[in-house]
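Coordinate inspection notes
Read off the chains here:
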Amino acid sequence: MSINLAFGITMQLKYLLALILMLSFFKVSAGTVEDQIKIRQSAYSLMGWNTTKIKSQIIDHPETYNKDQVIAATEVIFAIANSGLLDLYGAGTHQGTGWKSTRLKLDYFQKQEEVKEIDARLVKASIELKASANLGDLAVIKEQFGKLGAACKSCHDLIRIRD
Ligand code: HEC
C-alpha cells in the first residue's frame, strides 16, 4: 500500500470518526429516552391547549373571537411544529415514561416515511394558519385550522396508541 493511499484512508477514517462523534452528540442532545418522551408529551400538550383556544374562538363561540389571542395561539403552534419534533422519536422511545407512559406505537419505526410526510404537512399547515390569523378572516382561519387538525389526526391514527 502506498503511503499516499494509507494517508488517504487514515483521513477518511478521521472524517468518519468525526461524523460518528457528531451524530452521537446530536443523539445525546435530544436527551435520554425519558427526556425525549417528556418533551414530546409537553410539546404536543401545549399544541393541544392552543388548538383548543382557537377552536373555542372560531368555531364554538365565534362571538368571543379575539384576533390577538388567536394570532398568539397560532404563533405557539407554529414555533412548536417548526422545532424539529421528530428529533424526539429516538430509538426505544416507544417504551418508557415521561410525564406518563408513552403512547407511541412500536409501528412508528416501520412508518417513519409516512410520519415525515405528515409532519411536513403539520409544518406547512402551521405556517398557513399563522398567516390566516394575521389576516383575520374567520372563514379562512377555519379552513386552515381544519387542515392543521387533519395533520394532527392522521398522525395520531397512524402511530399513537388509543386512550
Ligand atoms: C408526527 C406525528 C404527530 C403529529 C403531527 C401530532 N401528534 Fe399529537 N401525539 C403524537 C404522539 C406520538 C403522541 C404520544 C406522545 C407520547 O406519549 O410519547 C401525541 C400526543 C398528543 C397529545 C397528548 C399529550 C400528552 O401526553 O398528554 C396531544 C394533546 C396531542 N398529541 C395533540 C396534537 C395536536 C393538537 C396536533 C396538531 C396540531 C398533534 N398532536 C400533532 C403524534 C403526533
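Coordinates for the structure precede this section.
1. Looking at helix α5 (residues 138-159)
The end-to-end C-alpha distance of α5, which contains 22 residues, comes to 32 Å, matching closely the 32 Å that a straight helix rising 1.5 Å per residue would cover. Those residues of α5 that fall on the buried side of the exposure criterion are Ile141, Gln144, Phe145, Leu148, Ala151, Cys152, Cys155 and Ile159. For α5, the angular spread of the buried residues around the axis is 115 degrees, confining them to a single face. Pointing more than 90 degrees away from the buried face of α5 are the exposed residues Ala139, Gly146, Lys153 and Asp157. Buried-residue contacts for α5 involve α2 (33-60), α3 (67-81) and α4 (112-135).

2. Considering the environment of glutamate 117
Mapping glutamate 117 onto the fold places it in helix α4. The sequence separation of glutamate 117 and cysteine 155 amounts to 38 residues, and the corresponding C-alpha distance is 9.8 Å.

3. A word on the packing of α4 against α5
At a minimum axis distance of 8 Å, the contact between α4 and α5 shows a crossing angle of 160 degrees. Between α4 and α5, the angle falls in the class roughly antiparallel. The way α4 lies across α5 gives a crossing that is left-handed. In contact with Glu114, Val115, Ile118, Arg121, Leu122, Ala125, Ser126, Glu128, Leu129, Ser132, Ala133 and Leu135 of α4, α5 contributes Val140, Ile141, Gln144, Phe145, Lys147, Leu148, Ala151, Ser154, Cys155, Leu158 and Ile159.

How each quantity is defined
Residues numbered from 1 in each chain as written. Predicted model: local features only at pLDDT ≥ 70, side-chain atom pairs only at ≥ 80, totals over all residues. Helix = DSSP H or I, 4+ residues; strand = E, 2+ residues; numbered from the N terminus. Expected span 1.5 Å × (residues − 1). Buried ≥ 20, exposed ≤ 12 C-beta atoms within 10 Å, placed from the backbone. Arc of directions from axis to C-beta. Contact = placed C-beta atoms within 7 Å. Axes fitted to C-alpha atoms, helices over the stretch in contact; angles between N-to-C directions. Parallel < 35°, antiparallel > 145°, perpendicular 65-115°, else oblique. Left-handed = near helix turned anticlockwise from the far one by under 90°.

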